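Listed below are the residues making up each chain.
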Amino acid sequence: MEIKTVGVIGAGTMGSAIAELFAFNGFNVVMKDQNMDLARSGYSGIEKILNDMKRINDEKPEKEIARIENYGIKLSDDQKNAIRKKIGVQVDVNAMLKRISLTDKYSDLSSCDLVIEAAFENQDVKNRIFSDISDLSEHAIIASNTSSLSITEMSSRLKRPENALILHFFNPPYLLPLVEVVPSLYTSDEAKNTAVSLISRMKNHREGMVPVMAKEREGFIVNRLLIPLINSASDLLDSGVASAEDIDTAMKKGAGFPMGPLELADMIGIDVVVDVMEVLERAYGERYKTSVILRRMREANRLGRKTRIGFYKY
Ligand code: NAI
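- Per an unreviewed UniProt entry, the protein goes by Beta-hydroxybutyryl-CoA dehydrogenase related protein and derives from Thermoplasma acidophilum.
- Its UniProt record gives the protein the following Sequence similarities (unreviewed entry) comment, quoted word for word: "Belongs to the 3-hydroxyacyl-CoA dehydrogenase family."

Right, dumping it as structure tokens:
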């Protein structure tokens, strides 16, 4: 099935970044929020992402040229242009923005071949949205970007539940290429295959997008492994085994992690970490017990980078 037009419901952090990703890959995008002000605010976020990415992409070949010339080698204009062509990524901000239209009405999603829901992480909100789009065009694939809620429950609101599944993107999708593809009990093989082949043909601003398949079990793959690791690191700190700096240094230098678990927690947001741990605890029991220090930090509004204090000060 060919996908040309993509609808995105919710123009917040993830919705706007997902809309940007599809526009970057040449798709027409219709982005819907609850009202036009919210949709426009998401659009401003997309402009910012595109301009930042354009600046970074424009700088990349120039940095490489400067690096080579630093050896005392003089490159000709042709050689410089060849480097620009080889490692430069053209980001045509205006062309990409033109592919995105905004709406506050579900009826404007009727021509979409794929609709991705990225509204609030609340089962009732998502069930309601699925009811409201229950009879989109017959072939449209309906995806939710939920991190923890039931796609099986959402899909039961659809006329064609076999067309729905979870596409779980990572924040920010313009740099992180992974998408967890999670079918519900209803999802057809055709919908699954269409989604996997679509994702594998896409790229973000850094590399090709990568789909992985997971069963509909809380946390899927990444959150089920990563969030408990952050939780254990928090327990280590709480019990005085090591300082935050030493825990992060140990995991970076001893286990090859690009970031330590506590600095990563500050980046994700302590509130989000606690929310996911509580989902895992409800699903899998005692061994996923939320660390007390994480709960206290949430109560004290020490949520990490966004409140400028978490395990570290910013
Ligand atoms: P957000 O709060 O930034 O944005 C949600 C947006 O949805 C808001 O603009 C809101 O007005 C809009 N919305 C709510 N109801 C709507 C409706 N009926 N129609 C249209 N728009 C509606 O939330 P965020 O962080 O973007 O998360 C969205 C989804 O993505 C959630 O399911 C979340 O679990 C998931 N997710 C979030 C990640 C993150 O790092 N923020 C990472 C991966 C998944």
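### A short note on the sheet that holds strand E2 (residues 28-32)
Then, number 1: Spatially, the eight strands line up as an open sheet ordered E3-E2-E1-E4-E5-E6-E7-E8, and their pairing is mixed. Either end of the sheet is taken by a strand with one partner, and the two such strands are strand E3 (100-103) and strand E8 (210-213). Going from strand to strand, the sheet's axes swing by 25° on average, the running direction of each strand aside.
Then, number 2: Where E2 meets E3, four bridges bridge the pair, whose relative direction is parallel. What sits directly across from valine 29, in E3, is isoleucine 100.

### A look at the nonpolar core
Then, number 1: Val6, Phe22, Leu114, Ile116 and Phe169 are the most contacted members of the largest nonpolar core, which has 37 residues in total.
Then, number 2: When residues of this core are assigned to their parent elements, the largest contribution, seven residues, is made by helix H1 (residues 13-24).
Then, number 3: Core analysis: the next-biggest nonpolar cluster, separate from the first, contains 22 residues, Ile247, Ala265, Val274 and Leu294 among them.

### So, the site of the ligand
Then, number 1: As a structural note, the neighbourhood of the ligand is formed by 22 residues, with Met14, Asp33, Gln34, Glu121 and Lys126 the closest of them.
Then, number 2: Separating a nitrogen atom of the ligand from a side-chain N or O atom of lysine 32 is a distance of 2.9 Å.
Then, number 3: Between an oxygen atom of the ligand and a side-chain N or O atom of glutamine 34, the distance comes to 2.8 Å.
Then, number 4: Considered on its own, the ligand offers 830 Å² of accessible surface; in the complex 80% of this is hidden by protein.
Then, number 5: Grouping the amino acids of the shell around the ligand by side-chain chemistry returns nine nonpolar, nine polar and four charged.

### Quick look at the pairing of strand E7 (residues 178-183)
Then, number 1: Of all six residues making up E7, five are buried, and the element is well covered by its neighbours.
Then, number 2: Summarising the sheet, strand E6 (residues 164-169) and E7 pair through five bridges and their orientation is antiparallel. Bridging across to E7, histidine 168 finds its partner in glutamate 180.
Then, number 3: Alignment of E7 against E8, held across four bridges, turns out to be parallel. Paired with leucine 178 across the strands is valine 210, a residue of E8.
Then, number 4: Crossover connection from E7 via helix H7 (residues 189-201) to parallel E8: handedness right-handed.

### Some words on the packing of H1 against helix H2 (residues 36-69)
Then, number 1: Where H1 meets H2, the closest approach of the two axes is 9 Å, and the angle between their N-to-C directions is 55°. In terms of orientation, H1 lies oblique with respect to H2. Judged by the twist between their axes, the crossing of H1 over H2 is right-handed. Along its contact with H1, which presents Ser16, Ala17, Ala19 and Glu20, the element H2 presents Gly42, Ile46, Ile49 and Leu50.

### A closer look at the UniProt feature "domain: 3-hydroxyacyl-CoA dehydrogenase NAD binding" (unreviewed entry) in the protein
Then, number 1: UniProt tags residues 5-69 and 76-204 as "domain: 3-hydroxyacyl-CoA dehydrogenase NAD binding" (unreviewed entry).
Then, number 2: Summarising residues 5-69: 71% helix, 15% strand, and an end-to-end C-alpha distance of 45 Å.
Then, number 3: Span residues 76-204 is 35% helix and 19% strand, its end C-alpha atoms 31 Å apart.

### Quick look at the UniProt feature "site: Important for catalytic activity" (unreviewed entry) in the protein
Then, number 1: The UniProt record marks His168 with the feature "site: Important for catalytic activity" (unreviewed entry), using the residue numbering of this structure.
Then, number 2: Following the sequence through the fold, histidine 168 ends up in strand E6.
Then, number 3: With residues up to four places along the chain from it excluded, the contact list for histidine 168 reads Asn145, Thr146, Ser147, Leu178, Val179, Glu180, Phe220 and Asn223.
Then, number 4: For histidine 168, the side chain forms a polar contact with the side chain of serine 147, separated by 3.2 Å.

### Quick look at the domain arrangement of the protein
Buried accessible area, meaning the area lost when the parts come together, often serves as the stated size of an interface.
Then, number 1: Domains assigned within the protein are domain 1 (5-56 + 93-213) and domain 2 (222-307).
Then, number 2: Relative placement of domain 1 and domain 2: their C-alpha centres are 28 Å apart.

### Examining H2
Then, number 1: With 34 residues, H2 should cover 50 Å at 1.5 Å per step; its first-to-last C-alpha distance of 50 Å lies within 8% of that length.
Then, number 2: Buried residues of H2: Ala39, Gly42, Ile46, Ile49, Leu50, Met53, Asn57, Pro61, Ile65 and Ile68, and no others.
Then, number 3: Considering only its buried residues, H2 is in contact with H1, E2, helix H3 (77-87), helix H4 (93-98) and E3.
Then, number 4: With a side-chain oxygen positioned 3.1 Å from the backbone nitrogen of aspartate 37, the residue opening H2 is asparagine 35.

### Some details on the packing of aromatic side chains
Then, number 1: The final tally for this structure, using the stated rule, is three aromatic pairs.
Then, number 2: Taking 5.4 Å as the distance between ring centres and 45° as the angle between the ring planes, the aromatic pair formed by tyrosine 284 and tyrosine 288 counts as tilted. Neither tyrosine 284 nor tyrosine 288 differs from the other in exposure class; each is buried.
Then, number 3: Connected via pairs of aromatic rings, a cluster forms that spans Phe22, Phe27 and Phe169.
Then, number 4: Over the ring of tyrosine 106 we find lysine 32; its NZ or CZ atom is 4.1 Å from the centre of that ring.
Then, number 5: A cation over a ring is seen here: lysine 203 above phenylalanine 24, with NZ or CZ 5.0 Å from the ring centre.

Criteria and thresholds
- Residues numbered from 1 in each chain as written.
- Predicted model: local features only at pLDDT ≥ 70, side-chain atom pairs only at ≥ 80, totals over all residues.
- Heavy atoms only, no water.
- UniProt positions renumbered as here; feature names shortened; annotations may be inferred.
- Pairing = 2+ DSSP bridges.
- Helix = DSSP H or I, 4+ residues; strand = E, 2+ residues; numbered from the N terminus.
- Axes fitted to C-alpha atoms, helices over the stretch in contact; angles between N-to-C directions.
- Core = buried A, V, L, I, M, F, W, Y, C linked by side-chain atoms within 4.5 Å.
- Buried < 20%, exposed > 50% of the residue type's maximum accessible area, 1.4 Å probe, protein only.
- Near = heavy atom within 4 Å.
- Polar contact = N/O pair within 3.5 Å; in protein donor to acceptor, adjacent residues only side chain to side chain.
- Areas by Shrake-Rupley, 256 points an atom, 1.4 Å probe, with all protein chains shown as cover.
- Nonpolar A, V, L, I, M, F, W, Y, C, P; charged D, E, K, R; others polar.
- Right-handed = clockwise from strand over helix to strand, strands pointing away.
- Parallel < 35°, antiparallel > 145°, perpendicular 65-115°, else oblique.
- Left-handed = near helix turned anticlockwise from the far one by under 90°.
- Contact = heavy atoms within 4.5 Å.
- Domains from an automatic or database assignment.
- Expected span 1.5 Å × (residues − 1).
- Phe/Tyr/Trp six-rings, centres within 6.5 Å; stacked < 30°, edge-to-face > 60°.
- Lys NZ or Arg CZ within 6 Å of the ring centre and 35° of its normal.

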